Structure formats: structure tokens, C-alpha cells
Amino acid sequence: MSKNKYVLPFKGEWYIEFGGVTKKTSHSWDIISQRYAYDFEIRKEDKPYFGDYHECNNFYSYKQEIICPCDGVVVDLVNEYDDTRIVDGRKAICDCKDVRGNYILIKHEHNEYSLICHVLLNSFKCRIGDFLCAGDVIGLVGNSGNTMGPHIHYQVQAGYDFSTARGLPIKFKNYKITNKKILENIKYLFSFLFVLSKSMLKAAWYFFIFICIVGGISYILKSAPPIVIKTNKNTSEQVYEQT
């Protein structure tokens, strides 16, 4: 777990496209530096784009501001690559020699480093050696490097080197998780329970009436005289008592 606390590298509501702290949810569990990385994107109606997805400009995340997640010094920055093409089926491809595309590496306290990738060419607001504060604008979201579409790739690593540094679970601050699908499922669950409770109350009411009727009949029968069924004059009376 990171020792520093980080703000999210964006403003507003974004979705986690890939990323988590378990093997099942991990961005890339078998890549040590990216094990706890996140890919963030904006979605509307559960889609990250409108119209033709081959156009970067049709993605809601494209050219959005990227925010510095924690105070630190810029120790590495690459600003060389155009956006990667978006191909049919949105398969991940890379049109440059570095999967990170244009990226920035920021060193924080406790030897922790923030790496942010796929930045738009010539959008950086800083350079190597600059000290940044949490909340400062770094640049704009692009689609350079290995991508399926514009998004922010963010990871915290325990060291400088992208290939060998150990990825860290990130301790975020000042955030709120809103999972609309979960909220909808909770709403449907409560609606179902409400309908079920109404049905159960109705059934319980009918059962109560039934018990009262049965109990009333039983009381009446117990307090009534024995029922006499006469057969023939030549036979004795047969007496039956209702129980």
C-alpha cells in the first residue's frame, strides 16, 4: 500500500475501465509495475464515445484535463508521439515504440512515483525538474501509446524504472465511488421486497381470517350437543361427537 495519499488524476465523474487490487480485477496482474494500475475514462449511457468510435474527438475523455495526484517533482517526461489509430473492434494497438506513449513520471515522498500515460502531444503544462502540487493541471488526455481509445493510465510504483519497479496499491483521498448498476440493483431489490412484503401481509391477513373461522367453527362444534344419527328402530342409537 502506498504511504502517500493521492487525489484522482482528473476532475468530475470517471469510470474505471480496467484496474483493481485483486488478481481478478487487476489491470495487469503479471506485470509487476502495472499490477495496481488503473485506466480511467468518461462514459455516458455506459459508453466512452458517441458516433464513430474511430475518431478520438468522439471520446468523452479526449482532451480532458489531467490533474497532478500528489505533490512532487517531474523526473521524466516524453512528448513525442501522435495519437494511436483506433481500429475496428477497438482492439488495443500501439503506433509508437513505447506502450506508454507520451507520459510523465512524478517523484513523491517515500520514494513513490506517479506514472501517467497516453497524454496528448504538446499538451503538457510542465517540464522535467518542475515541482507540482496536488491538483495542478499536467496536460490533456490523448491516445498515444498502446490504447483502445482515449483514457488516463495511472499507476504508483516503488521506484523509477517502468519495467522493474514494484506497483503499489494506491491510497486515494477525496473521492466518492458511485456504481450506478449497484444502485439500480439495490433499488430493484427494495422494490421487490416492498411488493413481496405487501403480498406477505395480504397472505398473513387471509391466514388470520382462516384461523379465526376455523377456531370459531371448532368452538361452536365443541359447545354443541352430540350429533345423533338414527339408523333404524330395530338398532341402537349410534352417537358421534365431532372432535
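Criteria and cut-off values
- Residues numbered from 1 in each chain as written.
- Predicted model: local features only at pLDDT ≥ 70, side-chain atom pairs only at ≥ 80, totals over all residues.
- Heavy atoms only, no water.
- Helix = DSSP H or I, 4+ residues; strand = E, 2+ residues; numbered from the N terminus.
- Contact = heavy atoms within 4.5 Å.
- Areas by Shrake-Rupley, 256 points an atom, 1.4 Å probe, with all protein chains shown as cover.
- pLDDT = per-residue confidence, 0-100.
- Phe/Tyr/Trp six-rings, centres within 6.5 Å; stacked < 30°, edge-to-face > 60°.
- Buried < 20%, exposed > 50% of the residue type's maximum accessible area, 1.4 Å probe, protein only.
- Lys NZ or Arg CZ within 6 Å of the ring centre and 35° of its normal.
- Pairing = 2+ DSSP bridges.
- Core = buried A, V, L, I, M, F, W, Y, C linked by side-chain atoms within 4.5 Å.
- Salt bridge = Lys/Arg side-chain N within 4 Å of Asp/Glu carboxyl O.
- Patch = residues over 30% accessible without salt bridge, like charges linked within 9 Å, V, L, I, M, F, W, Y side chains within 5 Å.

**Brief notes about the overall build of the protein chain**
For step 1, the next point in the chain: Along its length, the protein chain carries one helix and 16 strands.
For step 2, the next point in the chain: The long-range share in the protein chain, meaning contacts at least 24 apart out of those at least 6 apart in sequence, stands at 67%.
For step 3, the next point in the chain: Accessible area for the protein chain stands at about 15,400 Å²; split by element, carbon and sulfur atoms hold 57% of it.

**Examining the confidence of the model for the protein chain**
For step 1, the next point in the chain: Of all residues in the protein chain, 78% have pLDDT values of 70 or greater, and the mean over the chain is 85.
For step 2, the next point in the chain: Segment residues 224-243 is flagged for pLDDT under 50; beyond a separation of four residues in sequence, or across chains, it makes 13 contacts in the model.

**Structural notes on the packing of aromatic side chains**
Centre distance and the angle of the planes are the two values used to describe a pair of aromatic rings.
For step 1, the next point in the chain: Applying the stated criterion to the full structure yields eleven aromatic pairs.
For step 2, the next point in the chain: Between phenylalanine 10 and tryptophan 14, the aromatic rings sit 4.8 Å apart at their centres with planes inclined by 25 degrees, giving stacked as the arrangement.
For step 3, the next point in the chain: Between tyrosine 154 and phenylalanine 172, the ring centres sit 6.5 Å apart and the planes meet at 45 degrees, which makes this aromatic pair tilted. Note that tyrosine 154 is positioned in strand β12 (residues 152-158) and phenylalanine 172 in strand β14 (residues 171-172), a separation of 18 residues in sequence.
For step 4, the next point in the chain: Owing to a relative accessible area of 17%, phenylalanine 172 belongs among the buried residues under this scheme.
For step 5, the next point in the chain: Taken together through their ring pairs, the aromatic side chains of Phe10, Trp14, Tyr38, Phe40, Tyr154, Phe172 and Tyr175 make up a single cluster.
For step 6, the next point in the chain: It is arginine 35 that lies over the ring of tryptophan 29; its NZ or CZ is 4.1 Å from the centre.
For step 7, the next point in the chain: Above the plane of the ring of tyrosine 103 lies arginine 100, whose end atom (NZ or CZ) is 4.0 Å from the centre.

**What to know about the pairing of strand β3 (residues 38-41)**
For step 1, the next point in the chain: Judged by which residues are buried, β3 turns out to be covered on both faces: Tyr38 and Phe40 on one side and Asp39 and Glu41 on the other are all buried.
For step 2, the next point in the chain: The pairing of strand β2 (residues 15-19) with β3 spans four bridges and is classified as antiparallel. Following the sheet pairing, isoleucine 16 is matched in β3 by phenylalanine 40.
For step 3, the next point in the chain: Sheet topology note: the β3/β12 ladder contains three bridges and is antiparallel. Looking across to β12, one finds that aspartate 39 is bridged to histidine 153.

**Here's the deal with the nonpolar core**
For step 1, the next point in the chain: In this structure, Ile104, Ile116, Leu132, Ile138, Ile152 and Tyr154 are the most contacted members of the largest nonpolar core, which totals 27 residues.
For step 2, the next point in the chain: Of the residues forming this core, the biggest block, three residues, is contributed by β12.
For step 3, the next point in the chain: Counting residues in hydrophobic clusters, the runner-up holds nine residues, among them Tyr103, Leu105, Leu115 and Cys117.

**Describing the pattern of salt bridges**
For step 1, the next point in the chain: In total, this model carries four salt bridges according to the counting rule given.
For step 2, the next point in the chain: Between arginine 100 and aspartate 98 there is a salt bridge, and its shortest N-O distance comes to 2.9 Å. Across this residue pair, the class does not change: arginine 100 and aspartate 98 are buried.
For step 3, the next point in the chain: A single salt-bridge network, built from bridges that share partners, covers Glu41, Arg43 and Asp46.

**Here we look at a nonpolar patch on the surface**
For step 1, the next point in the chain: On the surface, Trp205, Tyr206, Phe208, Ile209 and Ile213 cluster together to form a nonpolar patch covering roughly 550 Å² of accessible area.
For step 2, the next point in the chain: Topologically, isoleucine 213 is positioned in helix α1 (residues 180-223).
For step 3, the next point in the chain: The partly exposed category is assigned to isoleucine 213, whose relative accessible area is 48%.

**Here we look at the environment of arginine 90**
For step 1, the next point in the chain: Residue placement: arginine 90 occurs in the loop between β5 (72-78) and β6 (93-94).
For step 2, the next point in the chain: With 58 residues separating them in the primary sequence, arginine 90 and methionine 148 have C-alpha atoms 5.2 Å apart.
For step 3, the next point in the chain: Filtering out sequence-adjacent residues up to four positions away, arginine 90 remains in contact with Glu17, Glu41, Pro48, Tyr49, Tyr53, Phe59, Met148 and Gly149.

**A look at the side chain of aspartate 98**
For step 1, the next point in the chain: Within the secondary structure layout, aspartate 98 lies in the loop between β6 and β7 (103-107).
For step 2, the next point in the chain: Beyond its immediate stretch of four places on either side in the chain, aspartate 98 contacts Tyr81, Tyr103 and Gly145.

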